[in-house]
Amino acid sequence: MRPRSRPRRFIPSRCSLDGGQLPALTGAPLRLSYRTPLLVRRGALVARGGKEVHAASFLRRRLIVLDSGLRRHPQEWRRILVHELFHFAWLRLGNPARASWRALLAREFAARARGELGWSAEWRKARLTPADPARSTPRWRDYVCEAFCDTAAWLYAGLARHEEFTLSHCWRKPRRRWFIQQFGDRAIPL
Ligand SMILES: [Zn+2]
């Protein structure tokens, strides 16, 4: 369970990332802490017996917990932190914007676009069938949210390439355009 630093509080509007291109953010303070190993079971941190993950976000508690090992890998730390920050953005996005993102991914999926912009979305996508978007199943909604967070990490973490950026370039453009149109220069609420 070591090292287990005390959570550090930070204010989204003052958040910047060395090496990243984080857009303006807004919202109440969040806390960031570290643990290793980071074990999660049924949405809660556990001392043993859970699934080992790199990161976990607790939306109501406004807490992000990262695996301590990420501190030695600044690029990966940025990518995973941006992904987690955008879980908070997804929560505040509002239904019309969420529906529009879902529709974008449904078009991609119907066109059999391969690859993703992170493993988190990719393994979920691999389990989907055409019935999932059609019925808006929990599996589909889970994928849609993870693809949103992975796309944000691809856009804002300052990584030109990464082995998990496998979505073909022609499908990356509409995703980038969606983020630009959706947020423009407005601060993104977390
Ligand atoms: Zn996620």
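No experiment lies behind these values; they were computed from the predicted model shown.

### Looking at the domain arrangement of the chain
Line of reasoning, step 1. In terms of domain boundaries, the chain breaks down into domain 1 (8–84) and domain 2 (95–189).
Line of reasoning, step 2. One C-alpha centre belongs to domain 1, the other to domain 2; they are set 20 Å apart.
Line of reasoning, step 3. Sorting elements by how many residues they give to the side of domain 1 that touches domain 2 places helix H1 (residues 74–92) first, with five residues.
Line of reasoning, step 4. Its residues placed into classes, the side of domain 1 that touches domain 2 shows five nonpolar, eight polar and two charged.

### Section: the packing of helix H3 (residues 119–126) against helix H5 (residues 138–156)
Between two packed helices, both the angle of their axes relative to each other and the distance between the axes serve to describe the pair.
Line of reasoning, step 1. Interaxial distance between H3 and H5 falls to 8 Å at its minimum, and their mutual angle equals 155°. Overall, the two elements H3 and H5 adopt an arrangement that is roughly antiparallel. The way H3 lies across H5 gives a crossing that is left-handed. Within the contact between the two elements, H3 uses Ser120, Ala121, Arg124 and Lys125 and H5 uses Asp142, Tyr143, Glu146, Ala147, Cys149 and Asp150.
Line of reasoning, step 2. When its residues are assigned to classes, the contact of H3 with H5 shows four nonpolar, one polar and five charged.

### Examining the packing of helix H2 (residues 95–110) against H5
Line of reasoning, step 1. Direction vectors running N to C along H2 and H5 enclose 95°, while the axes themselves pass 10 Å from each other. It follows from the interaxial angle that H2 and H5 lie roughly perpendicular. For the pair H2 and H5, contact is made by Trp101, Arg102 and Leu105 and by Val144, Ala147 and Phe148, respectively.
Line of reasoning, step 2. Here the contact of H2 with H5 is built from residues that sort into five nonpolar, no polar and one charged.

### Brief notes about the nonpolar core
Across soluble globular proteins, you tend to see nonpolar side chains buried next to one another.
Line of reasoning, step 1. Ranked by size, the top nonpolar core spans 38 residues in total, and within it Val82, Val144, Phe148 and Ala152 carry the most contacts.
Line of reasoning, step 2. At the level of secondary structure, the elements contributing two or more residues to this core comprise strand S3 (30–35), strand S8 (63–67), H1, H2 and H5.
Line of reasoning, step 3. Per-element accounting of this core gives the leading share, twelve residues, to H5.
Line of reasoning, step 4. Leaving out residues up to four positions away in the same chain, Val82 has contacts with Gly20, Leu22, Ala152, Ala153, Tyr156 and Ala157.

### Re the sheet that holds strand S4 (residues 39–41)
Line of reasoning, step 1. Sheet architecture is open: three strands sit in the order S5-S4-S6, paired in antiparallel fashion. The sheet is open, and its two borders are formed by strand S5 (44–45) and strand S6 (51–52), each paired with just one other strand.
Line of reasoning, step 2. Where S4 lies against S5, two bridges are found, and the strand directions are antiparallel. Residue pairing across strands places Val40 opposite Leu45, the latter belonging to S5.

### Some details on the environment of Asp67
Line of reasoning, step 1. You can see Asp67 is positioned in strand S8.
Line of reasoning, step 2. Each C-alpha atom, one on Asp67 and one on Ile80, is 10 Å from the other, the two residues being 13 residues apart in sequence.
Line of reasoning, step 3. Once residues within four sequence positions are removed from consideration, Asp67 is found in contact with Arg35, Thr36, Leu38, His54 and Ala55.

### A short note on H3
Line of reasoning, step 1. Taken together, the buried positions of H3 are occupied by Ser120, Ala121, Arg124 and Lys125. The buried residues of H3 occupy an angular sector of 125° when the element is viewed end-on, so they sit on one face. Exposed residues lying more than 90 degrees from the buried face of H3 are Trp123 and Ala126.
Line of reasoning, step 2. Check the buried side of H3 and you find it contacts H1 and H5.

Calculation rules
Residues numbered from 1 in each chain as written. Predicted model: local features only at pLDDT ≥ 70, side-chain atom pairs only at ≥ 80, totals over all residues. Domains from an automatic or database assignment. Helix = DSSP H or I, 4+ residues; strand = E, 2+ residues; numbered from the N terminus. Nonpolar A, V, L, I, M, F, W, Y, C, P; charged D, E, K, R; others polar. Axes fitted to C-alpha atoms, helices over the stretch in contact; angles between N-to-C directions. Parallel < 35°, antiparallel > 145°, perpendicular 65-115°, else oblique. Left-handed = near helix turned anticlockwise from the far one by under 90°. Contact = placed C-beta atoms within 7 Å. Core = buried A, V, L, I, M, F, W, Y, C linked by C-beta atoms within 7 Å. Buried ≥ 20, exposed ≤ 12 C-beta atoms within 10 Å, placed from the backbone. Pairing = 2+ DSSP bridges. Arc of directions from axis to C-beta.

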